[in-house]
Amino acid sequence: MDDRKRLLERAAELGEAFLAGVGDRRVFPTATAESLRSTLGVELTDRGEEPMAVIEALAHDADPGLVASAGPRYFGFVIGGSVPTSVAADWLTSAWDQNAGLYASSPASSVIEDVAAGWILDLLGLPATAGVGFATGATMANLTGLGAARSAVLDRVAWDVEARGLIGAPPIRIFVGDEVHTTVPYALRVLGLGGATATRVAVDGQGAMRADALRDALASDTSPAIVCAQAGNVNTGAFDPIGPIVEAAHEVGAWVHVDGAFGLWAGASPELRHLVAGIERADSWTTDAHKWLNVPYDCGIAIVADRRWQVRSMALTAAYLIAADHDRDPYDYVPEGSRRGRATPVYAALRAMGRNGLAELVERCCRLARRFAEGLAAEPGIRILNDVVLNQVLVRFDAADAADVPAGDARTRAAIGVIQRDGTLWAGGTTWHGLAAMRLSVSGWATTDADIDRSIEAIVRCARSVA
Ligand SMILES: *Cc1c(COP(=O)(O)O)cnc(C)c1O
């Protein structure tokens, strides 16, 4: 027992030491896969090793290959750190080791999840009666929402897809914006709806779906249809006009699924809520808690307005599973059985932040993104490609001659390479509307004005060094 106590205390100490230094280390490590394998790739022994030695070695040997994405100057993808309360709750979740899939296997985890679900609906402005499932991430949340959609639209033409599958089923028309996130076609593919069958609807200059183009594409046809809208374009942060999209779709009985992996959190801010106007009238939604809510991986959230479709498409129905004497079994809402209590860090984070704390987190990231954009745009040779409406900034390094696209692409890619190697911050590259660009996403609670200024200085310095 003493051993266990020492082991857990040491792990907490090592975790805390990592976090204490995460703002000072190189953001992306220099370790190679080869160097990491040379220390981590030990021979597995027959007799096992001393537990404390294993934990010490793990912390020591992994360290050179850790990315400081929990720190204040990681701007790649839309990652965000973890607020300390959520890390602490995540440690408790591991210590408790509950199977959170069933009420019967963990009443506490089940009720925590239910309470967190209610808070999420309230904060995001979604219907209080909606079904909420906690999945690994937005990819699986998209799969859940679209699975419910598949069920509902086929039921309207008297086809039970859960029983009969898609073989011989009436066709479903699917519509996505031309800048749909890759995980939506992926989810469609896994659901048997085809990853390349969707009609791609025209978008505006910022990548938001045009509602008029959707209306034309729907063509007053009332056969089964699913519209996949997006709240938050991964490059620009742009929002599809959800209200007009829902209106056009519902006129022909189509289902509207909204992928708002990070953008849905705009609904938690009085300042930004206008971006998601009409969102409550959609049929299903995806968001990630591990992105902007800043809880540890893995935590996506799948929400369905009429929970019957979510349960019908996702519930496990094996006879040995104990029937509920309560409202809700968590595993009925996601394509999973046994799983960790991933709603527990969400519960703790929300309780610690409160409504105002969450709104402040979201608004601060957006304010810092604008500071980033303004600071960078002041440098000759740096251009901001997008309207910074949220937390995303697209940067292009095309010197004086923006018309010379190949030269601008080469310079942009070179600058991204120098910036990544410099280590002050980390940002990834993308191609947007045919132009190479660097993508900055401000999504972490730990980022301050000083971090943005230090990052601007580093980017400008690196850009100047690129011939
Ligand atoms: C990140 C993201 C996803 C995928 O989320 P995961 O949590 O990585 O599964 C889907 N859609 C959008 C818009 C995203 O930004």
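Note that the structure is predicted; figures quoted are calculated from it, not measured. (Residues numbered from 1 in each chain as written. Predicted model: local features only at pLDDT ≥ 70, side-chain atom pairs only at ≥ 80, totals over all residues. Heavy atoms only, no water.)

Participant: An account of the site of the ligand is needed here, citing residue identities and associated values.
Facilitator: Close to the ligand lie Gly-137, Ala-138, Thr-139, His-181, Thr-183, Val-234, Asp-259, Ala-261, Phe-262, Asp-288, His-290 and Lys-291, which account for all nearby residues. Within the side chain of Thr-139, an N or O atom sits 2.6 Å from an oxygen atom of the ligand. In the environment of the ligand, a nitrogen atom lies 3.3 Å from a nitrogen or oxygen atom belonging to the side chain of His-181. Out of a free accessible area of 380 Å², the ligand has 84% covered by protein chains. (Near = heavy atom within 4 Å. Polar contact = N/O pair within 3.5 Å; in protein donor to acceptor, adjacent residues only side chain to side chain. Areas by Shrake-Rupley, 256 points an atom, 1.4 Å probe, with all protein chains shown as cover.)

Participant: Requested: an account of the environment of Glu-374, with residues and values cited.
Facilitator: For Glu-374, the location among the structural elements is in helix H12 (residues 343-377). By relative accessible area, Glu-374 is classed as exposed at 58%. In this structure, the C-alpha to C-alpha distance between Glu-374 and Val-388, residues 14 residues apart in sequence, is 9.8 Å. (Helix = DSSP H or I, 4+ residues; strand = E, 2+ residues; numbered from the N terminus. Buried < 20%, exposed > 50% of the residue type's maximum accessible area, 1.4 Å probe, protein only.)

Participant: With reference to specific residues and values, describe the domain arrangement of the protein.
Facilitator: By the assigned domains, the protein splits into domain 1 (2-68) and domain 2 (89-350). Between the C-alpha centres of domain 1 and domain 2 the distance comes to 36 Å. (Domains from an automatic or database assignment.)

Participant: If you had to explain the environment of Ile-303 to someone new, which residues and values would you point to?
Facilitator: Along the chain, Ile-303 falls in strand E7 (residues 300-304). Measuring from C-alpha to C-alpha, the distance between Ile-303 and Ala-141 comes to 7.9 Å, with 162 residues separating the pair along the chain.

Participant: Account for the sheet that holds E7, with residues named and values stated.
Facilitator: Sheet strands pair via backbone hydrogen bonds, and the direction of the pair is either parallel or antiparallel. Read across the open sheet, the 7 strands follow the order E1-E7-E6-E5-E4-E2-E3; overall the sheet is mixed. Two strands close off the open sheet at either side, each with one partner strand: strand E1 (131-135) and strand E3 (199-201). Pairs of neighbouring strands in the sheet enclose a mean axial angle of 20°, with direction left out of account. Where helix H9 (residues 211-218) meets the sheet, its contacts fall on strand E2 (173-177), E3 and strand E4 (225-230), and the angle it forms with E2 comes to roughly 165°. (Pairing = 2+ DSSP bridges. Axes fitted to C-alpha atoms, helices over the stretch in contact; angles between N-to-C directions. Contact = heavy atoms within 4.5 Å.)

Participant: Before we move on, could you go through the packing of helix H6 (residues 138-155) against helix H11 (residues 307-314) and cite the residues and values that matter?
Facilitator: The geometry of H6 relative to H11 is characterised by a closest axis approach of 8 Å and an angle of 100° between their N-to-C directions. Judged by the inter-axis angle, H6 sits roughly perpendicular to H11. Mapping the contact onto sequence places Leu-143, Thr-144, Gly-147, Ala-148, Ser-151, Ala-152 and Asp-155 in H6 and Trp-309, Gln-310, Arg-312, Ser-313 and Met-314 in H11. Tallied by class, residues from the contact of H6 with H11 come to 5 nonpolar, 5 polar and 2 charged. (Parallel < 35°, antiparallel > 145°, perpendicular 65-115°, else oblique. Nonpolar A, V, L, I, M, F, W, Y, C, P; charged D, E, K, R; others polar.)

Participant: Explain the pattern of salt bridges to me, and be specific about the residues and the numbers.
Facilitator: On inspection of all chains with the given rule, the structure shows 33 salt bridges. Asp-451 serves as the salt-bridge partner of Arg-73, at 2.8 Å between the closest nitrogen and oxygen. Remark: Asp-451 occurs in helix H14 (residues 449-465) and Arg-73 occurs in the loop between helix H3 (51-62) and helix H4 (84-96); sequence separation between them is 378 residues. The class of Asp-451 is buried, set by a relative accessible area of 10%. A salt bridge links Arg-339 to Glu-336, with the shortest nitrogen-to-oxygen separation between them at 3.9 Å. Residues Arg-339 and Glu-336 agree in their burial class; the two are buried. One salt-bridge network, held together by shared partners, links Glu-113, Asp-114, Asp-298, Arg-328, Glu-336, Arg-339 and Arg-342. (Salt bridge = Lys/Arg side-chain N within 4 Å of Asp/Glu carboxyl O.)

Participant: I'd like to hear about the nonpolar core, residue by residue, with values.
Facilitator: Core analysis: the biggest nonpolar cluster contains 89 residues, and Val-227, Val-258, Val-346, Leu-440 and Ile-459 have the highest contact counts within it. At 15 residues, the largest contribution of residues to this core is made by H12. Setting aside its immediate chain neighbours within four residues, Leu-440 contacts Phe-75, Phe-372, Leu-376, Asn-391, Gln-392, Val-393, Val-395, Leu-425, Ala-427 and Ile-459. One finds Leu-146, Val-153, Leu-191 and Met-314 within the second-largest nonpolar core, a separate group that totals 26 residues. (Core = buried A, V, L, I, M, F, W, Y, C linked by side-chain atoms within 4.5 Å.)

Participant: Which residues make up the sheet that holds strand E9 (residues 392-396), and what values go with them?
Facilitator: Reading across from one edge, E8-E9-E11-E10 is the order of the 4 strands in this open sheet, with antiparallel pairing throughout. Of all strands in the sheet, those with a lone pairing partner are strand E8 (383-384) and strand E10 (428-432), marking the two edges. For E10 and strand E11 (residues 435-441), the ladder comprises 5 bridges, and the chain directions are antiparallel. Counted as the bridge partner of Gly-428 is Arg-439 from E11. Strand contacts of H12: E8, E9 and E11, with the helix running at about 15° to E9, the strand carrying the most contacts. Taken strand by strand, helix H13 (residues 405-422) contacts E9, E10 and E11, and its axis lies near 35° from that of E11.

Participant: Report on the packing of aromatic side chains, specifying residues and quantitative values.
Facilitator: Applying the stated criterion across every chain, the model contains 5 aromatic pairs. Between Phe-77 and Trp-426 the ring centres are 5.9 Å apart and the planes differ by 20°, which places this aromatic pair in the stacked class. Residue Phe-77 is found in the loop between H3 and H4, and its partner Trp-426 is found in the loop between H13 and E10; the two are separated by 349 residues along the sequence. Judged by relative accessible area, Trp-426 falls into the buried class, the value being 11%. The structure contains a cluster of three or more aromatic residues connected by ring pairs, namely Phe-28, Tyr-74, Phe-77 and Trp-426. Between the NZ or CZ atom of Arg-164 and the centre of the ring of Trp-159, over which it lies, the distance is 3.7 Å. The cationic tip of Arg-328 hangs over the ring face of Tyr-333; the distance from NZ or CZ to the ring centre is 4.6 Å. (Phe/Tyr/Trp six-rings, centres within 6.5 Å; stacked < 30°, edge-to-face > 60°. Lys NZ or Arg CZ within 6 Å of the ring centre and 35° of its normal.)

Participant: Can you lay out H9 for me, pointing to particular residues and giving the numbers?
Facilitator: Counting along an α-helix, one turn takes 3.6 residues, and residues three or four places apart therefore face a common direction. Three or more residues of H9 are buried, namely Ala-211, Ala-213, Leu-214 and Leu-218. Taken end-on, H9 shows its buried residues confined to a sector of 155°, consistent with a single buried face. Downstream of H9 by a residue or two, Ala-219 has a phi angle that is positive, lying close to 50°. (Arc of directions from axis to C-beta.)

Participant: I'd like to hear about unusual backbone geometry, residue by residue, with values.
Facilitator: The step from Tyr-297 to Asp-298 runs through a cis peptide bond, and the omega angle for that step is 0°. Tracing the chain through its elements places Asp-298 in the loop between strand E6 (284-288) and E7. Positive phi values are uncommon outside glycine, yet Asp-97 reaches one of about 50°. By secondary structure assignment, the location of Asp-97 is in the loop between H4 and helix H5 (107-124). Its relative accessible area of 64% is what places Asp-97 among the exposed residues. A positive phi angle, close to 50°, is found at Ala-219, a residue other than glycine. Counting through the fold element by element, Ala-219 comes out in the loop between H9 and E4.

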